[in-house]
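# Coordinate inspection notes
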Amino acid sequence: MATKGLVVYLLSGFALAIASAFFLANGTREDAKQSPLVSLPSTLGGSDTEKVWPELEFGWRVMVATVIGFLGSACGTVGGVGGGGIFVPMLTLVVGFDTKSAAAISKCMIMGASASSVWYNLRVPHPMREVPIIDYDLALLFQPMLMLGITVGVALSVVFPYWLITVLIIILFLGTSSRSFFKGLEMWKEETIMKKELAQQQATLVNSRGELLIDTQYDLLGSREEKTEWQILCLNLRWKRTLVLVLVWVAFLLLQVIKNNLAVCSAWYWVLFCLQFPIAMAVFGYEAVKLYREHKNRMCTGNPEAICEATIQWTAVHIVFCALCGILGGCVGGLLGSGGGFILGPLLLEIGVIPQVASATATFVMMFSSSLSVVEFYLLKRFPIPYALYLMSVSILAGFWGQYFVRKLITFLGRASLIVFILSGVIFASAITMGVIGIEKSIVMIENHEFMGFLSFCSSQ
């Protein structure tokens, strides 16, 4: 499935699902006028509004949650997708949390896993060049749009019916997981060809007497000077750009905190909500113009070297596409309680970023987006502290050791495509778990004759 095919698939699937929602909304409104059995929006989701916080007691539920949380965090951070699509179903089905609390704890787990992964990646050199393994240009490009998308996604989660969110998530996850899987297959084939060429070069490196000149592994890139861990850390850290990301994080946090203390749909509420757009667009626009101008200058001078890790041409169309994908990733994060990596991870691979850098950059961006939500949820008292601290500790260990083992495995096998297959597997597993839970809940809503259309944002909170 090519990129254009994936876009057409997503647009057609989303359009059909939303059109069906309008059709069902009109049908349920007419039924509500004729029959008192149809529940109106004011009664929707009564169970979701009740806090269900189980006690942290050692038992089979905690053991299962620990295992799933560890594996989900390890695989999710390696793939650069976080794992929110696995955590939320686990917390609701296994542990017994309500949906809102599960989404909040899921953010805590993603924050812990991504933070430990970032710390590990900062001490890992770039596999091919003398540049940071985190692409700060792409981080500055996507982080503001991702945070903006999360805000929009949270608002849409109030308006959209539950079944529609389920359908949209299944369509999106099946498309991105399939595309990532085929991308992994392409990379696997390319790696196989390169390994064969390497073996042939080793076999032909002989002197005039027919003796091998080398008997160790031949490095196509040449030997590189070994750096200490401190030197690698200093190379990977870019303080000025990190400071810009922190300032954007603080700006969004202040707006969210102040907005949550205002009456919903009041004049000041909408003023603060709309202020997020110019902040996000200012940072995104600055970075987009920078990439566009540098790309144009290099094209004029005939310099084929890429500006950043992405190999695409930074034209206006591609920049707009990246902006829309960033917002879409944030919307998915807001709807699911994830960090937005389900879109960002596959997108970075699609625009030509190598898997190691794509994973490091996606987890770096997710660290900011998930921590923003964690602070907000903490101030709103959306999750129990003991459970959050325990599962976050599990995720911190999983994020670090997951990166460690997978990086060692990639070095041993010489196949970075393993990261792409892990990413595809996590997204597909999330589609299955979210789909099963969503379908089950939708069936219950139908049996209870609950409202299946769009809800009013102001009256539903």
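Keep in mind that what you see is a predicted model, and the values were worked out from it rather than measured.

We now examine the packing of aromatic side chains. Per the counting criterion, the structure on display carries 16 aromatic pairs. Each member of the aromatic cluster is reached from another via a ring pair, and the members are Y120, F400, W401, Y404 and F405. Just above the ring of W188 sits the side chain of R415; from NZ or CZ to the centre is 3.8 Å. Positioned over the ring face of Y162 is K441, at 4.2 Å from the centre of the ring.

For the structure shown, the criterion picks out 5 salt bridges. Its salt-bridge partner being D137, residue R241 comes within 2.6 Å of it at the nearest N-O pair. Taken together, the positions of R241 in helix 9 (residues 239–260) and D137 in helix 6 (residues 136–159) put the pair 104 residues apart, joining distant regions of the chain. Overall, R241 belongs to the partly exposed group, its relative accessible area being 27%. Judged by relative accessible area, D137 falls into the buried class, the value being 9%.

Because each turn of an α-helix spans 3.6 residues, side chains separated by three or four positions end up pointing in the same direction. Taking 1.5 Å as the rise per residue, helix 3 (residues 60–79) with 20 residues should run 28 Å; its terminal C-alpha atoms sit 28 Å apart, in good agreement. Listing the buried residues of helix 3 in full gives V62, A65, G69, G72, S73, A74, G76, T77, V78 and G79. One or two residues past the end of helix 3 sits G80, with phi positive at roughly 80°.

Relative to the assigned elements, T411 resides in helix 14 (residues 385–413). Taking the C-alpha atoms as reference, T411 lies 9.8 Å from P127; in sequence the two are 284 residues apart.

Moving on: helix 8 (residues 229–236). Listed as buried for helix 8 are I232, L233 and N236. For helix 8, the arc enclosing every buried residue in end-on projection is 100°, short of the 170-degree limit, so these residues lie on one face. If you follow the buried residues of helix 8, they end up packed against helix 5 (99–121) and helix 6.

We now examine the environment of F428. Looking at the element boundaries, F428 is found in helix 15 (residues 417–447). For F428, a relative accessible area of 42% puts it in the partly exposed group. Separated by 247 residues in the primary sequence, F428 and F181 have C-alpha atoms spaced 9.7 Å apart.

What follows concerns the confidence of the model for the protein. Summing up the model confidence of the protein, the mean pLDDT is 82 and the portion of residues at 70 or higher is 86%. Confidence drops under pLDDT 50 across residues 32–48; counting only partners more than four residues distant or on other chains, this segment forms 23 contacts. Confidence drops under pLDDT 50 across residues 214–222; counting only partners more than four residues distant or on other chains, this segment forms 11 contacts.

Here we come to the nonpolar core. Of all hydrophobic cores here, the largest spans 87 residues; its most connected members are L138, F173, W314 and L348. It is helix 6 that contributes the most residues to this core, 13 residues altogether. What L348 contacts, discounting residues up to four positions off in sequence, is L138, F142, V353, A358, T361 and A362. Residues V94, A102, I105 and M109 belong to the second largest nonpolar core, which totals 23 residues.

Here S114 lies in helix 5. Within the structure, S114 has its side chain in polar contact with the backbone oxygen of M111 (distance 3.1 Å). Setting aside residues no more than four positions away along its own chain, S114 makes contact with T77, T363, M366, M367 and S370.

Residues V67, F70, L71, L397, W401 and F405 make up a contiguous nonpolar surface patch of roughly 610 Å² in combined accessible area. Contributing elements (two or more residues each) for the nonpolar patch: helix 3 and helix 14. By the secondary structure assignment, F405 is in helix 14. Residue class for F405 comes out exposed when judged on its relative accessible area of 55%.

Our focus in this paragraph is unusual backbone geometry. A positive phi is found at C265, a non-glycine position, where the angle reads about 70°. With respect to the element layout, C265 can be found in the loop between helix 9 and helix 10 (267–301).

One covalent bond between the sulfur atoms of two cysteine residues makes up a disulfide. Per the counting criterion, the structure on display carries 0 disulfides. C325 supplies the cysteine sulfur nearest to C322, a cysteine that is in no disulfide, at a spacing of 6.5 Å. On the basis of relative accessible area, C322 is assigned to the buried category, the value being 1%.

What follows is about the packing of helix 12 (residues 341–350) against helix 13 (residues 355–379). Where helix 12 meets helix 13, the axes come as close as 9 Å, and the angle between the chain directions of the two elements is 150°. One element, helix 12, and the other, helix 13, form an angle in the roughly antiparallel class. Taken as a pair, helix 12 and helix 13 cross one another with a handedness that is right-handed. Packed against helix 12, whose contacting residues are G341, L344, G345, L348 and L349, the element helix 13 presents P355, A358, T361, A362, V365 and M366 at the interface. Looking at the contact of helix 12 with helix 13 residue by residue, the class counts come to 8 nonpolar, 3 polar and no charged.

Rules and cut-offs
Residues numbered from 1 in each chain as written. Predicted model: local features only at pLDDT ≥ 70, side-chain atom pairs only at ≥ 80, totals over all residues. Heavy atoms only, no water. Phe/Tyr/Trp six-rings, centres within 6.5 Å; stacked < 30°, edge-to-face > 60°. Lys NZ or Arg CZ within 6 Å of the ring centre and 35° of its normal. Salt bridge = Lys/Arg side-chain N within 4 Å of Asp/Glu carboxyl O. Helix = DSSP H or I, 4+ residues; strand = E, 2+ residues; numbered from the N terminus. Buried < 20%, exposed > 50% of the residue type's maximum accessible area, 1.4 Å probe, protein only. Expected span 1.5 Å × (residues − 1). Arc of directions from axis to C-beta. Contact = heavy atoms within 4.5 Å. pLDDT = per-residue confidence, 0-100. Core = buried A, V, L, I, M, F, W, Y, C linked by side-chain atoms within 4.5 Å. Polar contact = N/O pair within 3.5 Å; in protein donor to acceptor, adjacent residues only side chain to side chain. Patch = residues over 30% accessible without salt bridge, like charges linked within 9 Å, V, L, I, M, F, W, Y side chains within 5 Å. Areas by Shrake-Rupley, 256 points an atom, 1.4 Å probe, with all protein chains shown as cover. Disulfide = S-S within 2.5 Å. Axes fitted to C-alpha atoms, helices over the stretch in contact; angles between N-to-C directions. Parallel < 35°, antiparallel > 145°, perpendicular 65-115°, else oblique. Left-handed = near helix turned anticlockwise from the far one by under 90°. Nonpolar A, V, L, I, M, F, W, Y, C, P; charged D, E, K, R; others polar.

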